[in-house]
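One letter stands for each residue in the lines below.
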Amino acid sequence: MPDIRTQLSACELFAGLDEPALALLAAAAQTVELAEGAALYTAGSPRQACFLIVSGEAEIVRTVGGTTVRLAVLGAGDALGEGSLLHASRHTTTALALTPLALLVLDRDAVRRQLAANGAAAVDVLSRVALAINRRLQYASSGPVGRDKAYGSGATRVEHDLLGEREVPADALYGVQTLRAVENFPISGVHLSHFPVLVRSLAMVKQAAARANLELGLLDREVASAIDRASQEIVDGRHHGHFVVDAVQGGAGTSTNMNANEVIANRALGLLGAARGEYARCHPNNHVNLSQSTNDVYPTALRIATVLSLRGLTDALERLRSALAEKGREFRAVITMGRTQLQDAVPMTLGQEFAAFAVTTGEDIDRLRETARLFLEVNLGGTAIGTGINADPRYPQLAVEQLRRITGLDIVLAENLVEATPDTGAFVMFSGVLKRAAVKLSKMCNDLRLLSSGPRCGLAEINLPPMQPGSSIMPGKVNPVIPEVVNQVAFQVIGNDLTITLAAEAGQLQLNVMEPIIAFALFGSLQMLTAAVDTLTARCVRGITANAERCREQVEHSIGIVTAVVPALGYERASEVASEALATGRPVREIILARGWLSSRELDKLLAPEAMVRPRPLAPRTPPG
């Protein structure tokens, strides 16, 4: 087994450190093994040690709105918790062993004691730690993955394309075509890595292509294996920080495809023992992109990413549906006033109102899942325009079969690849259903805001959990901020739907070059809506309480209950009662008793809460005398 100094040198953080510094670190290091699922550290715990992975994989996760989100997957040679060597703050994330782990643990206090004996070594080690943290923070701004290092060393390598030579950062996994795209498209500031599911889906397509090409004998087994392994690392969440192209771009997604090709090729080169940029061994176009075109890779990846993204949204909607249904049961005995056109209508229970919210949410889940099945038909193998040029006739079916195994989705090859290549109809239909869900969520939030209005001068039938002070000038004011933010997300989703519609219409002939803006709008909608639904569930719905007495009081003083006596009095007499109640403010019950039209016992039966909120048998009505 390699000694501790060799293991330290194998870690990117300490690679190239001189022998005296390595010896000091080795004296402070401990070898530790952890079982799968064990925690290296947890969010909120003090930073006490730096962990260097010798073998195995770990994941970094964060809990957001009650949901655990994977931020990164790290493997051999990666460091975790290096910030502990600089300061003893608390961890903001949790690190877990994805597989059995072999680690070197550098205890903060032990390292600092060792470094105190050698000032030059201390400066070198701590400078490396500070630089690593700085690079990580730079990349964190590109999206939620944000763990890959920025490349600030200044070292470069020379790459060339049809436009000439360019210097590329030496440590970058991307290449010259990605570099040009970064320069050409400073549009949204949202990099591909902001959409991890799209990055993973691209890697899945490349992995399927490599396996199909290997089966056809078109790729060397060693190269195919390296492409496969590099793609799997991206699927697992690694190297996402190298996907630096802006999501909004010209070229029908070519820059996105080449970003993926270059990252996978350079990582494969590393697995083959070659340097980055030595493309004779594994080339982005000749090997990673073999039998492919952007025009079948990109739309296929978009379809896979949409299906996978939808799982997060439907899971969030399921949690919301469950929370609403629970409130329906909790409020089943709370009588309240139903309203139409913002005017008193007839009584109902607050439980019925929330149960209806739950049902409508369930319907949205069903419609979204049904429509997403359109994305299971792909054009992979059609290459440039669907004719399959530069691909073996057997390739499309083989590639789709591999993609089905990799994704676990029931993916099928489109019947006509020429038709399927420019067709974006599925995105239009799905976006419409997504808009439908957003509209209904927004309407629900409008209702929550109305029902909670007050607290003294509004409806005040429910209480939303107070989340923050509501005014910089009005003391005591608390606003319905969670429903408000969901409203705004819904507006964005509605706008994105129009963008997708226009982009789908803008295609010409054998290709729709507007798919990047479709992707940007669609994945933006899915991400924002998922976060909004989780926020609504965790920070609003679960904490709602009912003002039962206020609800009952409004029912008893409403003229809406006169509807319940129509079967006994008839519409005309009931209208007279309603008019007098509205003019005088007298209760409906009192007016009917005064006119002698019904007895107290009859009114008790007709106006009982259980009689007013559900159907009941109607007795034959005696004509008025």
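Throughout, a residue's number is its position along its own chain's written sequence, starting from 1. Owing to the predicted nature of the model, reporting of local features is limited to residues with pLDDT of at least 70; listing and counting of side-chain atom pairs is limited to 80 or more, with chain, interface and lining totals taken over all residues. To obtain the side-chain values, all non-hydrogen atoms of the structure were used and water was disregarded.

Some details on the pairing of strand β10 (residues 164-169)
Okay, step 1: Pairing geometry for strand β9 (residues 156-161) and β10, over 6 bridges, is antiparallel. Pairing of His160 across the sheet is with Glu165, part of β10. What makes two strands pair is DSSP finding at least two bridges between them. For helices the rule is a DSSP run of H or I covering at least 4 residues; for strands it is a run of E covering at least 2, with both sets numbered from the N terminus onward.

A short note on empty space enclosed by the protein
Okay, step 1: Here a cavity denotes grid points, spaced 1 Å and computed from the protein atoms alone, that fit a 1.4 Å probe unable to get out, and a pocket denotes an open set having protein on both sides within 12 Å along at least 5 of 7 lines; residues with an atom within 4 Å of a point are the lining. Grid points are joined across faces, edges and corners, and a volume is the space filled by probe spheres set on the points. Enumeration according to the criterion identifies 1 cavity of 30 Å³ or more in this entry.
Okay, step 2: Considering only enclosed or pocket space, the largest cavity measures out at about 40 Å³ in volume.
Okay, step 3: Around the largest cavity sit Leu464, Pro465, Met467, Asn479, Pro480, Val481, Ile482, Pro483, Arg539 and Cys540, which together line it.
Okay, step 4: With 3 residues, the single largest contributor to the lining of the largest cavity is helix α15 (residues 481-505).
Okay, step 5: Classification convention: Asp, Glu, Lys, Arg as charged; Ala, Val, Leu, Ile, Met, Phe, Trp, Tyr, Cys, Pro as nonpolar; all other residues, Gly among them, as polar. Along the lines of polarity and charge, the residues of the lining of the largest cavity split into 8 nonpolar, 1 polar and 1 charged.

Notes on helix α6 (residues 196-215)
One turn of an α-helix holds 3.6 residues; hence residues three or four places apart share an orientation.
Okay, step 1: Relative to the 28 Å expected for 20 residues at 1.5 Å per residue, α6 spans 29 Å between its end C-alpha atoms, a close match to the ideal helical length.
Okay, step 2: Burial within α6 is extensive, with 16 of its 20 residues counted as buried.
Okay, step 3: Positive phi shows up at Gly217, right after α6, with a value of about 75 degrees. Helix span, expected: 1.5 Å multiplied by one less than the number of residues in the helix. Buried, partly exposed and exposed residues are distinguished by accessible area as a fraction of the type maximum, computed with a 1.4 Å probe on protein chains only: under 20%, between the cut-offs, and over 50%, respectively.

Considering the pattern of salt bridges
Okay, step 1: What makes a salt bridge here is a side-chain nitrogen of Lys or Arg within 4 Å of a carboxyl oxygen of Asp or Glu, nothing more. In total, this model carries 28 salt bridges according to the counting rule given.
Okay, step 2: A salt bridge links Glu576 to Arg595; its shortest N-O distance comes to 2.9 Å. Residue Glu576 is found in helix α19 (residues 571-584), and its partner Arg595 is found in helix α20 (residues 588-595); the two are separated by 19 residues along the sequence.
Okay, step 3: Taking the relative accessible area as the measure of exposure, Glu576 reaches 40% and is therefore partly exposed.

Structural notes on the sheet that holds strand β7 (residues 94-97)
Okay, step 1: Spatially, β2-β7-β4-β5 is the arrangement adopted by the 4 strands of the open sheet, whose pairing is antiparallel. Strands with a single pairing partner mark the edges of an open sheet, and in this sheet they are β2 (39-41) and β5 (67-74). With direction set aside, neighbouring strand axes in the sheet form an average angle of 30 degrees.
Okay, step 2: Note: β2 against β7, 2 bridges, orientation antiparallel. Counted as the bridge partner of Tyr41 is Ala95 from β7. Here the axes come from fitting lines to C-alpha atoms, over the contacting stretch only for helices, and the angles between their N-to-C directions go from 0 to 180 degrees.

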